[in-house]
Amino acid sequence: MAQRVLLGRFLASVISRKPPQGHWAPLTSRALQIPQGHPGGLATTPSPARTIHTTRVCTTTFNIQDGPDFQDRVVNSETPVVVDFHAQWCGPCKILGPRLEKMVAKQHGKVVMAKVDIDDHTDLAIEYEVSAVPTVLAIKNGDVVDKFVGIKDEDQLEAFLKKLIG
């Protein structure tokens, strides 16, 4: 019962508030006003433009879901792929991952990045001989062309990516 009373008070206070001046459009829009002498209908007058902000979806980085997904998106990829083998519990992985994503995004689609959690995909980690994390592979045309283990700074990562892109 007390919850219902509190909810009622809250809703009453929200409904009774007036919107701050200049922040809300008036209830009657100029676009819906009927001009004088206009025969039987609404006129469309230009209303002020509204800005819509969107976020860009990052298509350069993706998480591997399973073996067939890895085969399809990495091995069969026409674009060179950087594969980041990582783990949730790995401290250095948490540092390298965002740094590597940032460097891959700077390449504007010339290379993409696949993230593989070794705890979820042990079979892939064994197949690609991952013995420590973070391990990063460079795969081009289905073949591993380069590899490193551990953290690298941005200059080293840039050189790694340039070598992969060619």
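First things first, this report covers the structure right here in the doc. Model, not experiment: these values are computed from the prediction. (Residues numbered from 1 in each chain as written. Predicted model: local features only at pLDDT ≥ 70, side-chain atom pairs only at ≥ 80, totals over all residues. Heavy atoms only, no water.)

**Side note on the side chain of T60**
Consideration 1: Relative to the elements of secondary structure, T60 occurs in the loop between α1 (2-16) and β1 (61-63).
Consideration 2: Residue T60 is classed as buried on the basis of its relative accessible area, which comes to 11%.
Consideration 3: Excluding residues within four positions of it along the chain, T60 makes contact with V104, A105, G109, V112 and M113. (Helix = DSSP H or I, 4+ residues; strand = E, 2+ residues; numbered from the N terminus. Buried < 20%, exposed > 50% of the residue type's maximum accessible area, 1.4 Å probe, protein only. Contact = heavy atoms within 4.5 Å.)

**Some thoughts on the packing of helix α3 (residues 91-105) against helix α5 (residues 154-165)**
Consideration 1: Across the interface, α3 lies against α5 with an axial gap of 10 Å and an inter-helix angle of 50 degrees. In this view, α3 runs oblique relative to α5, as classed from their interaxial angle. Two packed elements cross with a definite hand, and for α3 against α5 that hand is right-handed. Counted together, L96, R99, L100, K102, M103 and V104 of α3 and E154, L157, E158 and L161 of α5 form the full contact between these two elements. (Axes fitted to C-alpha atoms, helices over the stretch in contact; angles between N-to-C directions. Parallel < 35°, antiparallel > 145°, perpendicular 65-115°, else oblique. Left-handed = near helix turned anticlockwise from the far one by under 90°.)

**Brief notes about the pattern of salt bridges**
Consideration 1: All chains considered together, the criterion is met by four salt bridges.
Consideration 2: One salt bridge in this structure joins K163 and D146, with 3.4 Å as the shortest N-O distance. In this pair, K163 is assigned in helix α5 and D146 in strand β5 (residues 143-149), connecting sequence segments 17 residues apart.
Consideration 3: Look at K163 and you get exposed, because its relative accessible area is 58%. (Salt bridge = Lys/Arg side-chain N within 4 Å of Asp/Glu carboxyl O.)

**Some remarks on the state of the cysteines**
Consideration 1: Summed over all chains, the structure comprises one disulfide.
Consideration 2: Shown here is the disulfide that connects C90 with C93, its sulfur atoms set 2.4 Å apart. The sign of the 80 degrees torsion about the S-S bond sets the C90-C93 disulfide as right-handed.
Consideration 3: The exposure class of C90 is buried, given its relative accessible area of 4%.
Consideration 4: Classification of C93 as buried rests on a relative accessible area of 6%. (Disulfide = S-S within 2.5 Å.)

**With respect to the pairing of strand β2 (residues 81-86)**
Consideration 1: Judged by how many residues are buried, β2 sits mostly within the fold: six of six residues are covered.
Consideration 2: Sheet analysis places β2 next to strand β3 (residues 112-117), joined by six bridges and oriented parallel. Looking across to β3, one finds that V81 is bridged to V112.
Consideration 3: For the handedness criterion, the β-α-β arrangement of β2, α3 and β3 is classed as right-handed.
Consideration 4: The sheet contact formed by β2 and strand β4 (residues 135-140) spans five bridges and is antiparallel. Pairing of V82 across the sheet is with A138, part of β4. (Pairing = 2+ DSSP bridges. Right-handed = clockwise from strand over helix to strand, strands pointing away.)

**Things to note about α3**
Consideration 1: In this model, α3 (15 residues) spans 22 Å end to end at C-alpha, consistent with the 21 Å of a helix rising 1.5 Å per residue.
Consideration 2: Here α3 has its buried residues at C93, L96, G97, L100, M103 and V104. For α3, the buried positions fall inside an angular range of 140 degrees around the axis, keeping them on one side.
Consideration 3: Elements that come into contact with the buried residues of α3 comprise β2, β3, β4, β5 and α5. (Expected span 1.5 Å × (residues − 1). Arc of directions from axis to C-beta.)

**Here's the deal with the sheet that holds β1**
Either a parallel or an antiparallel arrangement is found when strands of a sheet pair, and the pairing is made through backbone hydrogen bonds.
Consideration 1: Strand order in the open sheet made by the five strands is β1-β3-β2-β4-β5, with mixed pairing throughout. The strands lining the two open edges of the sheet, one partner per strand, are β1 and β5. Taken over all neighbouring pairs, the strand axes of this sheet differ in orientation by 20 degrees on average, direction set aside.
Consideration 2: Pairing of β1 with β3 involves three bridges; the strand directions are parallel. Paired with F62 across the two strands is A114, which belongs to β3.

Note that all results are geometric; they support no functional claim without further evidence.
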